[in-house]
Amino acid sequence: MQQPSDSHPLRTALNAIYQFSGFMAAAFLLLLLVIIVMQMVMRWSGGIFIGATNYAGYCMAAATFSALAYALNTGAHIRVGLLLNHLGRYRRFGEIWCFGIGSALTTYMVYYAFRGVYWSYKLNDVSQGQDAMPLWIPQIPMAIGASIFALTFLDHFIRIVFFGLDDIGDDAISATEHAA
């Protein structure tokens with residue numbers, strides 16, 4: 001079977017999606033910083049920033065879910081490498097098992113994330129804070145981040161099953177080996 005090329009348009013698009021996911025996480029972290037600083041300024045000046053705690057929580061959740069795909073693709077997630085190395089020639093089956101379970105669980109998570117957004121919108125569910133923000137708005141970035149995370153798992157599952165490739169974080173691993 002022919003090995004996939006890193007310059008293939010689909011691979012380029014997927015890598016761009018994962019990169020965008022990382023940028024989205026960074027943007028939410030910066031927004032979190034802005035909210036915290038604004039809250040500090042309001043306290044110092046005697047004012048009140050209504051809903052700041054809620055908005056900070058929304059940004060943290062959005063940043064976390066947005067960062068998952070980028071972190072998995074670059075090898076920043078803690079993996080079961082020690083166990084997989086001990087599998088020897090059966091390592092590929094262990095990776096298929098891990099990526100298969102990861103794909104199933106993240107797909108399940110995405111289903112319920114979007115279901116939560118749908119029901120929050122349909123029932124007009126609002127936050128319990130003073131701002132009464134519709135909850136479907138901060139739930140959307142979480143659901144999108146979870147979707148990209150599931151896509152990453154499915155992408156690597158397909159690559160390991162059909163091509164025997166596991167290049168998660170190869171750049172980070174090779175950089176560490178060259179430095180040593």
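Preceding this section is the structure that the text describes.
Scoring rules and cut-offs
Residues numbered from 1 in each chain as written. Predicted model: local features only at pLDDT ≥ 70, side-chain atom pairs only at ≥ 80, totals over all residues. Heavy atoms only, no water. Helix = DSSP H or I, 4+ residues; strand = E, 2+ residues; numbered from the N terminus. Expected span 1.5 Å × (residues − 1). Contact = heavy atoms within 4.5 Å. Axes fitted to C-alpha atoms, helices over the stretch in contact; angles between N-to-C directions. Parallel < 35°, antiparallel > 145°, perpendicular 65-115°, else oblique. Buried < 20%, exposed > 50% of the residue type's maximum accessible area, 1.4 Å probe, protein only. Phe/Tyr/Trp six-rings, centres within 6.5 Å; stacked < 30°, edge-to-face > 60°.

A few words on helix 5 (residues 136-163). Spanning 28 residues, helix 5 covers 39 Å between terminal C-alpha atoms, matching the ideal 40 Å at 1.5 Å per step. Directly after helix 5, the chain includes G164, whose backbone phi takes a positive value near 70°.

We now examine the environment of A52. Structurally, A52 can be placed in helix 2 (residues 52-74). Taking the C-alpha atoms as reference, A52 lies 8.5 Å from M38; in sequence the two are 14 residues apart. Ignoring anything within four residues of it in the chain, the contact list for A52 reads I35 and Q39.

Mapped onto the secondary structure, S103 falls in helix 4 (residues 91-122). Every residue in contact with S103, bar those within four places of it in the chain, is listed here: F153, L154 and F157.

Turning our attention to the packing of helix 2 against helix 5. For the pair helix 2 and helix 5, the least separation of the axes is 8 Å and the interaxial angle reads 10°. Considering the angle they form, helix 2 stands roughly parallel to helix 5. Residues Y58, A62, F65, S66, L68, A69, L72 and N73 of helix 2 pack against P138, P141, M142, G145, A146, I148, F149, T152, F153 and H156 of helix 5.

We now examine helix 1 (residues 9-44). Counted at 1.5 Å a residue, the expected span for helix 1 with its 36 residues is 52 Å, and the 52 Å between its end C-alpha atoms agrees. Every buried residue belonging to helix 1 is among R11, L14, Y18, S21, G22, M24, A25, F28, L32, I35 and Q39, and all of these are buried. Positive phi shows up at G46, right after helix 1, with a value of about 85°.

Before going further, it helps to examine the packing of aromatic side chains. By the definition in use, this model includes nine aromatic pairs. Ring centres of F49 and Y55 lie 6.3 Å apart, and the angle between their planes is 40°; this geometry places the pair in the tilted category. A relative accessible area of 23% places F49 in the partly exposed class. Y55 sits in the partly exposed class, given a relative accessible area of 21%. Ring plane angle 65° and centroid distance 6.2 Å describe the contact between F99 and F153, whose orientation is recorded as edge-to-face. A residue pair is termed long-range when its members are at least 10 positions apart, and F99 in helix 4 and F153 in helix 5 qualify at 54 residues. For F153, a relative accessible area of 13% puts it in the buried group. Among the aromatic residues, those joined into a ring-pair cluster are F49, Y55 and Y58.

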